[in-house]
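Chains, contacts and geometry: an overview
Take a look at the letters that make up each chain.
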Amino acid sequence: MRANQRIALLTLVVADYDEAIAFYTQKLHFRLIEDTDLGSGKRWVRVAPRGVTGGTELLLARASTPEQATRVGNQTGGRVALFLYTDNLARDYQQLLAAGVSIVRPPATEPYGRVLVFADLYGNLWDLLEPASGQSV
């Protein structure tokens, strides 16, 4: 039996809801899809890149235990955590620079496309990737 499935959300552990929302919406220009108060200081916060509806979203989850707090900014042990595809790396690179986003590795051409690495406000590493010609964003 074949299921109709997709990955809808990925959790990103953050230190603070509001500062994470500000970073993703103001510096990366993501859409704030939902910010629902769940009580007891918990919120259901979803953000996603602009341009594609129905794609994978980030669930911004505030660390609520000491163990979770150790994961903020290092959820993948220093490896690139997330991959953001773009249709124009040069444009987005300039926007990241203008927004003061930390560029870890400047744009480079690889067999799979043009790519740069940036860090989010907590230090999680992201690839910004413009796929090689013939591949879709």
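Whatever comes next refers back to the structure up there.
This section reports on the structure supplied with the text.

Parameters and conventions
Residues numbered from 1 in each chain as written. Predicted model: local features only at pLDDT ≥ 70, side-chain atom pairs only at ≥ 80, totals over all residues. Heavy atoms only, no water. Helix = DSSP H or I, 4+ residues; strand = E, 2+ residues; numbered from the N terminus. Rg over C-alpha atoms; globule rule 2.2 N^0.38 Å. Buried < 20%, exposed > 50% of the residue type's maximum accessible area, 1.4 Å probe, protein only. Core = buried A, V, L, I, M, F, W, Y, C linked by side-chain atoms within 4.5 Å. Domains from an automatic or database assignment. Arc of directions from axis to C-beta. Contact = heavy atoms within 4.5 Å. Phe/Tyr/Trp six-rings, centres within 6.5 Å; stacked < 30°, edge-to-face > 60°. Polar contact = N/O pair within 3.5 Å; in protein donor to acceptor, adjacent residues only side chain to side chain. Pairing = 2+ DSSP bridges. Axes fitted to C-alpha atoms, helices over the stretch in contact; angles between N-to-C directions.

**Topic: the overall build of the protein**
- A count of helices and strands for the protein gives 3 helices and 8 strands.
- Helices and strands in the protein line up, N terminus first, as β-α-β-β-β-α-β-α-β-β-β.
- At 16 Å, the protein has a C-alpha radius of gyration in line with the 14 Å of a compact globule built from 137 residues.
- Along the first, second and third principal axes, the C-alpha atoms of the protein reach 50 × 45 × 25 Å.
- In the protein, buried positions account for 34% of the 137 residues.

**Section: the nonpolar core**
- Core analysis: the biggest nonpolar cluster contains 28 residues, and Y24, L28, F30, L58, L60, F118 and W126 have the highest contact counts within it.
- Of all elements in the fold, only β1 (9–14), α1 (17–27), β3 (42–48), β4 (57–62), β5 (80–85), α3 (89–98), β7 (113–119) and β8 (125–131) reach the threshold of two or more residues within this core.
- Top element by residues in this core is α1. It accounts for 5 residues.
- Residue contributions to this core reach at least three from each of two domains, namely domain 1 (1–72) and domain 2 (74–136).

**Some remarks on α3**
- For α3, the set of buried residues is L89, D92, Y93 and L96. One face of α3 carries all of its buried residues, which in axial projection span an arc of 105°. Seen from the buried face of α3, the exposed residues on the opposite side, beyond 90 degrees, are A90 and A98.
- If you follow the buried residues of α3, they end up packed against β6 (102–110), β7 and β8.

**What to know about the packing of aromatic side chains**
- A full pass over the atoms with the stated rule returns 5 aromatic pairs.
- Ring centres of Y24 and F30 lie 5.6 Å apart, and the angle between their planes is 45°; this geometry places the pair in the tilted category.
- With relative accessibility at 3%, the residue F30 sits in the buried group.
- Among the aromatic residues, ring-to-ring pairing joins F23, Y24, F30, F118 and W126 into one connected group.

**Observations concerning the environment of T65**
- Residue position: T65 is located in the loop between β4 and α2 (66–69).
- Within polar-contact distance, the side chain of T65 engages the backbone nitrogen of Q68 at 3.1 Å.

**So, the sheet that holds β6**
- Strands sit in the order β5-β8-β7-β6 across an open sheet of 4 strands; the sheet is mixed. Only two strands of the sheet have a single partner each, and these edge strands are β5 and β6. The sheet shows a mean angle of 20° between the axes of neighbouring strands, direction not considered.
- Here β7 pairs with β8 via 7 bridges, running antiparallel. Across the sheet, the residue bridging to F118 is W126, located in β8.
- Packing against the sheet, α3 makes contact with β6, β7 and β8, and its axis sits at approximately 150° to β8.

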